[in-house]
Amino acid sequence: MRAIFQAVILTVLLFLSAPAMAQNNSQINYDTWDRQASQAEQLLDGGSATEAQLQQIRQQVIDWRAQFQDGQNANSGRIATVKDQIAALGAAPAEGETEDAEIAARRATLNEQLSTLQAPRLAAVEAFSRADSIVKEIDVQIADRQATELAQLSPSPLNPASWTEAATETAKLATGIATETSALSTRSGGWEDLRSKLPKVLGYLVLAVVLLTYGRRWIETLPNQMSARASDYSRAAVAFLVSLGQIAIPMLGIFLGISALAATEWFGDWTRPFLIALPGAGVILFGGRWLARQLFPRKAVAYDTLDIPDDKRRIARNSTNMLAAVFAVHHVLSSALLPQSGLYEAGGSQGNRVPMEFGAGATSVWHFVLIALAAVLLFRLGNVLRRIRSWSSADDTRVRNRVTTIEGSISRIVAVVTVALAAFGLINLANALIWPWLLTLALSSFLILMQDFIADVFNMLKRGESGAREGLAPLLIGLLLILLSLPLFMVIWGADRTDLAEMWTTFQKGATFGGINLSPMGVVTFIVIFGLGYAITRALQGALRNSVLPKTRIDPGGQNALVSGLGYVGIFLAGLLAVTSAGIDLSSLAIVAGALSVGIGFGLQNIVSNFVSGIILLIERPISVGDWVDAGGQQGIVKSISVRSTSVETFDRTEVIVPNSDLVSQPVTNWTRSSRNGRVIIPIGVAYGTDTRKVEQILREIIEDQPTVMIDPPPAVLFRSLGADSLNFEIRAILSDASGGIAVTSDVLHEVVRRFAEAGIEIPFAQRDIWLRNPEALAKATAGAVVTAERKADKAPQLEKPRREKDAQPVAPSAVDQTDPRLVFDDGADGDAGGDGDD
C-alpha cells in the first residue's frame with residue numbers, strides 16, 4: 001500500500017518537475033562519468049551484485065542520464081544563429097565549382113564554429129546512449145531475479161508435515177510475543193507504572209471504541225439522512241461526499257487505538273510490526289466496505305451504479321466485505337511476519353518484521369489458508385460481475401457494463417488458478433496474482449464511482465438540467481482520471497518508483513513517424529498554442545461581427561465574407577504557429593505532402609473543388625447570406641456559406657445543402673444580388689363585350705394602391721390578346737422587395753374581384769355544351785329498354801324453378817345492350833350557355 005501512495009506522489013512530482021528537468025546543464029564531468037560507467041559495467045558482467053546494489057547503481061546512472069539529456073540542448077540558441085548565418089551565404093558550391101574567396105573563407109569559419117558548438121551536444125548524445133544501455137541491462141537482471149523468485153517452489157501446503165511445522169512456528173511466535181510483553185511490562189514498572197499512564201491510555205482507548213462502534217454506525221446512516229434533505233439534483237453528490245466519512249471515522253478510531261496501545265510502552269520487536277501494519281489493514285478493510293456499500297447498496301440513494309438484481313447484489317456486497325477482511329489479515333501477516341507475500345509488498349514494509357524466520361512449510365500453510373478463503377470469495381463475486389451485461393437493458397451501452405463483465409470472468413479464472421498454484425507450492429506466484437488482482441478490481445471500481453461523482457457534480461452545478469450528467473465535460477474528466485490512474489495500475493502489478501521514472505523518461509522522448517518526432521511536451525505545446533490561436537480568432541471574429549462591421553456600410557453578405565475570411569486566415573496561422581512551436585520540422589512532411597497530392601488528384605478532388613469554390617464565393621461574392629437564389633432546381637434564401645457547401649433554406653422551410661462547386665460551375669439565378677427589386681406579372685381576363693378602357697382604368701388604380709409597388713418605373717396595364725374565352729389583360733409592376741410578390745398578387749386579385757363585381761364586369765370561365773343531333777333515336781331506345789325491363793320483371797318468379805339445359809332459350813340482346821351508331825356527342829367550348837347546333 002505504501003508503494004501505491006509513493007506512486008501517486010511520484011506521478012505528481014514528475015509533472016511538476018518537468019520544466020525544471022528541461023534546464024540545460026553544460027557543466028558535465030565526463031571523466032567521472034566514464035569511471036562510474038566502467039565500474040557499473042564490470043559489476044553487471046560479474047553478476048555478483050545484490051538487488052540493493054543494482055538499484056543504487058541504477059539510480060546513479062539515471063541521474064547521469066538526465067544530465068546528458070539536458071546536455072543535448074546545449075548551445076541551441078547559438079547553433080541556430082550560426083546556421084542562419086551559413087544559410088545567408090547561399091548554397092555551397094557543387095563539386096568542381098568555386099565561389100568567391102571571401103565567401104568561402106567566411107563559410108569555413110562558420111562551419112568551424114558550428115562544429116565547436118555542436119561538440120558538447122554530440123558528447124551528451126553518446127553518453128546518454130551509454131547510460132541508457134546500462135539502465136536497460138540492470139532492468140533485465142532485476143527482472144530475471146524477480147522471475148526466479150516468483151517461480152520458487154515451496155513445500156506443498158497439502159502435505160501434513162507442513163501443517164505440523166505451521167503449528168510449531170505459530171506456537172513459537174506466541175511464545176516470543178508473550179515473553180517480550182512480559183519483559184517490557186516488568187521493565188517499565190508493571191501495573192504500578194501503568195496506573196500513572198492509565199488516564200491517557202483509557203482516553204485514547206475509549207475514543208477509539210466509540211469511533212469504531214457508534215461512530216461507524218452513525219456515519220453509515222448519515223448519507224441517507226443527508227440525501228433526504230438535499231434536492232433531487234444534488235442528492236447523489238452530497239451522499240457520495242458524506243460517505244467518505246465511512247473510511248475517515250473508523251481510521252481515526254484505529255489511530256487512536258494504536259496511540260493507546262503504544263502509550264503503554266509494552267510493544268517491542270515482536271509486537272510493534274503488527275501495530276505498524278494496522279493502518280494499512282484499516283484502509284483495506286474500511287475501504288473495501290465502503291466500495292461494497294457504494295457499488296452494491298441495499299437501497300440506492302439516487303440511482304444504481306451497476307444493474308444487479310437485489311439478491312445478487314446482497315451476495316456481491318457480502319463477498320466484497322469478507323474479501324476486504326481477508327485482505328486486511330493478509331496485509332498484517334505479510335508485512336509483519338510471512339515471507340513470499342508477492343511483489344507488491346517489496347519495499348520499506350519488509351524492514352519491520354518479527355525477529356524470527358518462519359519456515360517454508362509454515363509459510364505455505366498460512367498463505368494457502370488466506371489464498372483459499374480469498375479465492376472462494378472472489379469466485380462468488382466473479383459469478384455476479386460476469387452477468388451484469390445480461391441484466392442490463394438493451395439500450396444501456398455504458399462501457400462499465402462490458403468492463404465489469406470481463407472482470408467477473410477473469411476473477412473466476414484467477415480464483416481457480418491461484419488455488420492450484422498455492423496447492424502445488426508456488427506460493428509467491430499465487431500471492432503475486434490474487435492480491436494485485438483484488439487491488440485492480442478495487443481501483444477500477446473506484447474509477448467508476450468517481451466518474452459518477454463527476455457527473456453528479458455537473459448535474460448539481462447545472463441544477464438538474466436535462467443531459468447534464470451525460471455531457472462531454474464529465475466524460476473528458478473521467479478519461480483524464482483513467483489516464484492518471486495508469487501509474488497506480490503499474491505499481492499494483494510490481495512497478496516501483498524507478499520503473500515509473502524510466503517510463504516517464506521514455507514517454508518524454510516521444511515517438512518518431514516519418515522523420516517527425518512527436519513528444520508529449522510537443523503535443524501539449526501544439527494543443528495549447530493552437531487553442532490560444534483559435535480562441536483569439538473567434539474573439540476577433542465576434543468583435544468584428546458585433547462591434548465593427550455594423551457601423552460600416554458593408555452589406556450583410558460582405559460582412560459575412562469578411563468574418564469567414566478572418567476565421568480561415570486565423571485558424572491557418574494558429575496551426576502554422578502551433579506546428580512551429582512544437583518543434584515539428586515541416587520539411588519532413590514533403591513526402592507526406594506528395595502522397596496527399598496524389599490522393600487529392602483522385603479521391604479528394606471533389607472536396608478540394610468545393611473548398612476552392614468556397615474561397616471564390618467569399619472573395620467574388622456572387623451570392624451572399626440572405627440572397628434569394630435558384631440553384632440546381634431549388635429556390636430559397638441563403639443561410640450560410642461554409643468552406644465546403646452553402647446552406648439554402650427553401651420556402652417550405654427545408655434546408656438544402658448545395659456544394660460550392662455547383663454554385664461556381666453551374667448557372668445560378670440570384671433574384672436579389674444587386675437589389676431586392678423585382679417584377680411581378682398578374683394576368684387578368686374579362687368577358688367579351690366589356691369596356692376595355694374601363695378595365696384598364698380599374699386595374700391601374702388597383703396596382704397603384706399597393707404600397708410596395710414602385711412609382712419609378714410606374715406600373716403598366718396591358719391589353720395582351722383576344723383569347724378564345726376572354727379578353728386578356730396583364731398587370732406589370734416593379735416591387736421594392738421581390739420576396740413579397742406572392743402577397744402582392746393575392747391582394748391585387750382580391751381587389752380585382754371586388755372592383756369588377758361593383759362595376760358589373762364579368763370574369764369568364766370555360767363551359768362545355770353537349771349537342772344531340774338525333775334526339776328521336778335516344779327516345780326510341782329508351783322506350784325499348786323500359787319494355788324489356790317490364791318483361792323480365794314478369795318472368796322473375798319462374799326463374800326460381802330448376803330448369804333443364806334443353807329448356808333454356810337464347811335471349812336476344814336488347815336495344816340498350818348495343819351501341820347505336822346514331823348517338824353522337826359533340827363537345828363545345830364557346831363560352832356561351834346556348835347557341836346554334838346542327839341536326
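So, how was this worked out
- Residues numbered from 1 in each chain as written.
- Predicted model: local features only at pLDDT ≥ 70, side-chain atom pairs only at ≥ 80, totals over all residues.
- Heavy atoms only, no water.
- Helix = DSSP H or I, 4+ residues; strand = E, 2+ residues; numbered from the N terminus.
- Buried < 20%, exposed > 50% of the residue type's maximum accessible area, 1.4 Å probe, protein only.
- Contact = heavy atoms within 4.5 Å.
- Areas by Shrake-Rupley, 256 points an atom, 1.4 Å probe, with all protein chains shown as cover.
- Pairing = 2+ DSSP bridges.
- Axes fitted to C-alpha atoms, helices over the stretch in contact; angles between N-to-C directions.
- Core = buried A, V, L, I, M, F, W, Y, C linked by side-chain atoms within 4.5 Å.
- Salt bridge = Lys/Arg side-chain N within 4 Å of Asp/Glu carboxyl O.
- Parallel < 35°, antiparallel > 145°, perpendicular 65-115°, else oblique.
- Left-handed = near helix turned anticlockwise from the far one by under 90°.
- Nonpolar A, V, L, I, M, F, W, Y, C, P; charged D, E, K, R; others polar.
- Expected span 1.5 Å × (residues − 1).
- pLDDT = per-residue confidence, 0-100.
- 1 Å grid on protein atoms, 1.4 Å probe; cavity = no way out; pocket = protein on both sides within 12 Å on 5 of 7 lines; lining within 4 Å.
- Points joined across faces, edges and corners; volume = space filled by probe spheres on them.

Student: Is there a simple way to explain the overall build of the chain in this structure?
Tutor: Counting its regular elements, the chain contains 26 helices and 12 strands. When the 839 residues of the chain are sorted by exposure, 37% land in the buried category. Here the analysis covers contacts within the chain between residues at least 6 apart in sequence; of these, 74% occur between residues at least 24 apart. Summed over all atoms, the accessible surface of the chain reaches about 48300 Å², with 60% contributed by carbon and sulfur.

Student: When you look at the sheet that holds strand E6 (residues 655-659) in this model, what are you seeing that I'm missing?
Tutor: Working definition: the strands of a sheet are paired by backbone hydrogen bonds and lie parallel or antiparallel to each other. An order of E6-E5-E4-E3-E7 is seen for the 5 strands of this open sheet, with the pairing classed as antiparallel. The sheet is open, and its two borders are formed by E6 and strand E7 (668-670), each paired with just one other strand. Between one strand and the next, the sheet's axes are offset by a mean angle of 40 degrees, whatever the strand orientation. The sheet contact formed by strand E5 (residues 645-650) and E6 spans 5 bridges and is antiparallel. Note on E6: the bridge partner recorded for Thr 646 is Val 658.

Student: Would you mind showing me how to read unusual backbone geometry here?
Tutor: Glycine aside, residues mostly have negative phi, and peptide bonds are mostly found in the trans state. Between Asp 712 and Pro 713 the backbone carries a cis peptide bond, its omega angle lying at 0 degrees. Looking at the secondary structure, you find Pro 713 in the loop between helix H24 (692-704) and strand E9 (716-722). If you check the backbone angles, Arg 653 has positive phi at about 70 degrees while not being a glycine.

Student: I keep staring at the nonpolar core and nothing clicks. Help me out?
Tutor: Soluble, globular proteins show a tendency: their nonpolar side chains are buried together. Ranked by internal contacts, the top residues of the largest apolar core, which has 61 residues, are Phe 296, Leu 337, Val 354, Met 356, Leu 378, Ile 434 and Trp 435. Sorting the residues of this core by element identifies helix H6 (160-187), helix H8 (235-243), helix H10 (272-295), helix H11 (310-336), helix H12 (360-385), helix H14 (399-424), helix H15 (427-461) and helix H17 (486-492) as the ones contributing at least two each. Setting aside residues no more than four positions away along its own chain, Leu 378 makes contact with Leu 323, Ser 411, Val 414, Ala 415, Ile 434, Trp 437, Leu 438 and Leu 441. In this structure, Val 680, Leu 699, Leu 727 and Ile 761 belong to the second largest nonpolar core, which totals 21 residues.

Student: Help me understand the pattern of salt bridges, please; the structure alone is not making it clear to me.
Tutor: Between side chains of opposite charge, pairing is possible as soon as their charged atoms come close. What the rule picks out here adds up to 25 salt bridges. Residues Arg 130 and Glu 41 are paired through a salt bridge, measuring 3.2 Å at the closest nitrogen-oxygen approach. Linking Arg 130 in helix H5 (residues 101-150) with Glu 41 in helix H2 (residues 30-46), this pair joins segments that are 89 residues apart in sequence. Assessed through its relative accessible area of 26%, Glu 41 is described here as partly exposed. With its nearest N and O atoms 3.8 Å apart, the salt bridge here joins Asp 452 to Arg 469.

Student: Explanation requested: the packing of H10 against H11 in the structure shown.
Tutor: Geometry of a packed helix pair, given as the angle between the helix axes and the separation of the axes. The interhelical angle for the contact between H10 and H11, taken along N-to-C directions, is 165 degrees, at an axis separation of 8 Å. It follows that H10 is roughly antiparallel to H11 by the angle criterion. As for how H10 packs across H11, the hand of that crossing is right-handed. Two secondary-structure elements touch here, H10 through Pro 273, Phe 274, Ala 277, Leu 278, Gly 280, Ala 281, Ile 284, Leu 285, Gly 288, Arg 289 and Ala 292 and H11 through Arg 317, Thr 320, Asn 321, Ala 324, Ala 325, Phe 327, Ala 328, His 331, Val 332, Leu 333, Ser 335 and Ala 336. Looking at the contact of H10 with H11, its residues break down into 15 nonpolar, 6 polar and 2 charged.

Student: It is not clear to me how H15 should be interpreted in this structure. Could you clarify?
Tutor: One turn of the α-helix equals 3.6 residues, which is why residues spaced by three or four share an orientation. The terminal C-alpha atoms of H15, which comprises 35 residues, lie 51 Å apart, in line with the 51 Å expected from a rise of 1.5 Å per residue. Among the residues trailing H15, Arg 463 stands out with phi positive, at a value near 55 degrees.

Student: Sorry, what's going on with the confidence of the model for the chain here?
Tutor: Detailed reading of the predicted coordinates is not advisable wherever pLDDT is low. Per-residue pLDDT for the chain has a mean of 80; in total, 84% of the residues score no lower than 70. Note that pLDDT drops below 50 for residues 1-26; the model gives that stretch 35 contacts with residues more than four away or on any other chain. Between residues 798-839, whose pLDDT stays under 50, and residues either more than four places distant or in other chains, the model counts 39 contacts.

Student: Is there a simple way to explain empty space enclosed by the protein in this structure?
Tutor: Empty space left among the atoms is revealed by rolling a probe the size of a water molecule over them. Tallied over the entire structure, the rule returns 3 cavities of 30 Å³ or more. What the largest cavity holds in volume is close to 50 Å³. For the largest cavity, the full set of lining residues is Arg 216, Glu 220, Gln 246, Phe 286, Arg 289, Trp 290 and Arg 293. Broken down by secondary-structure element, the contributors of at least two residues to the lining of the largest cavity are helix H7 (190-229) and H10. Broken down by element, the lining of the largest cavity gets its largest block of residues, 4 residues, from H10.

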